[in-house]
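Understanding the architecture of this molecule
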Amino acid sequence: MRRDHRPASLKRAYAALERAYVRWRLAPQLDALGQGFHFMKPWFVRVNGPGITVGDQVHWVAAADRHITLSSWVHPKGQGRITIGNYCLLCPGVRIDSAVEVTLGDGCMVAAGAYLTDADWHDLYDRTEVVGASAPIVLEENVWIGDGATVCKGVRIGAHAIVAARAVVTKDVPPFAVVAGNPATVVKTLDPERPRRTRAELFADPEGLEAWLRELDNAFLASNTVPGWLRSRLYPRRGD
């Protein structure tokens, strides 16, 4: 659809359903889930294994054809852990696999189709080895992982760094660096003195943000009706 045909009240009811689903099905699978979460289509989020914790004010967007998948593996050498900080954004198709530990600092953004893995999952010479070489991954605060990028085992990405789309990160990334390529190398360094805004600032006043979004919905969806929404779903027209 080119626009949202739902009345504002229906949109709010749908969001309430999403929150209820998270509390009912996803939260019990996590070791911890913070306050103020916003999961879009949470029925397409897959959580596998113990040791997964999620902070406050996270925003995850899943899709039918691009699930978000978090997997911590229990194996003879130990157990994986995934820690996702406050204000983090995960987009459709993100996968995080852990045999040791993957940590996302506050305000990290992980774009669609990105993959973070702290293990090889098979040994180079012994293909029956289920984990292989492994080492923790750390994303410091406000890191941005681009569309389809891969972050490999043992990597630490410094605060405010950016990983370009499709990059494959095999070595540590300094703070404020922009890396691209396969293997990823530094192509630019951000100005650390330049003012910046983070996702933490976006959610500094969650009640005010919620009120502002409600006002926008009331304004932009004011002319929508339930019959009109049903018609758009059953008999879409050009321009819908």
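Everything that follows concerns the structure shown earlier in this document.
Residues numbered from 1 in each chain as written. Predicted model: local features only at pLDDT ≥ 70, side-chain atom pairs only at ≥ 80, totals over all residues. Heavy atoms only, no water.

**Focus on the sheet that holds strand S5 (residues 59–61)**
- The strand order S2-S5-S10-S13-S16-S19-S21-S22 describes an open sheet built from eight strands, whose pairing is mixed. Looking along the sheet, the strands with just one partner apiece sit at the ends: strand S2 (38–40) and strand S22 (185–189).
- As defined by bridge partners, strand S16 (residues 144–145) adjoins strand S19 (residues 162–163) across two bridges and the pair is classed as parallel. Note that in S19 the partner of Ile145 across the bridge is Val163. (Pairing = 2+ DSSP bridges. Helix = DSSP H or I, 4+ residues; strand = E, 2+ residues; numbered from the N terminus.)

**Examining the packing of aromatic side chains**
- On inspection of all chains with the given rule, the structure shows seven aromatic pairs.
- Ring centres of Tyr14 and Trp43 lie 6.0 Å apart, and the angle between their planes is 90 degrees; on these two criteria the pair is classed as edge-to-face. Linking Tyr14 in helix H1 (residues 8–26) with Trp43 in the loop between S2 and strand S3 (45–48), this pair joins segments that are 29 residues apart in sequence.
- For Tyr14, a relative accessible area of 31% gives the class partly exposed.
- Note on Trp43: relative accessible area 23%, which makes it partly exposed.
- Look at Phe39 and Trp60: their rings are 4.6 Å apart centre to centre, the planes differ by 20 degrees, and that puts the pair in the stacked class. (Phe/Tyr/Trp six-rings, centres within 6.5 Å; stacked < 30°, edge-to-face > 60°. Buried < 20%, exposed > 50% of the residue type's maximum accessible area, 1.4 Å probe, protein only.)

**Section: the pattern of salt bridges**
- Inspection of every chain in the model, using the stated rule, returns eight salt bridges.
- Note that Asp217 and Lys11 form a salt bridge whose closest N and O atoms lie 3.0 Å from each other. Here the residue Asp217 occupies a position in helix H3 (residues 206–220), and Lys11 occupies one in helix H1, the gap between them amounting to 206 residues.
- The exposure class of Asp217 is buried, given its relative accessible area of 17%. (Salt bridge = Lys/Arg side-chain N within 4 Å of Asp/Glu carboxyl O.)

**A closer look at the state of the cysteines**
- Applying the stated criterion across every chain yields a total of zero disulfides.
- Cys88 takes part in no disulfide bond, and the closest cysteine sulfur to it belongs to Cys108, at a distance of 4.9 Å.
- For Cys88, a relative accessible area of 0% corresponds to the buried category. (Disulfide = S-S within 2.5 Å.)

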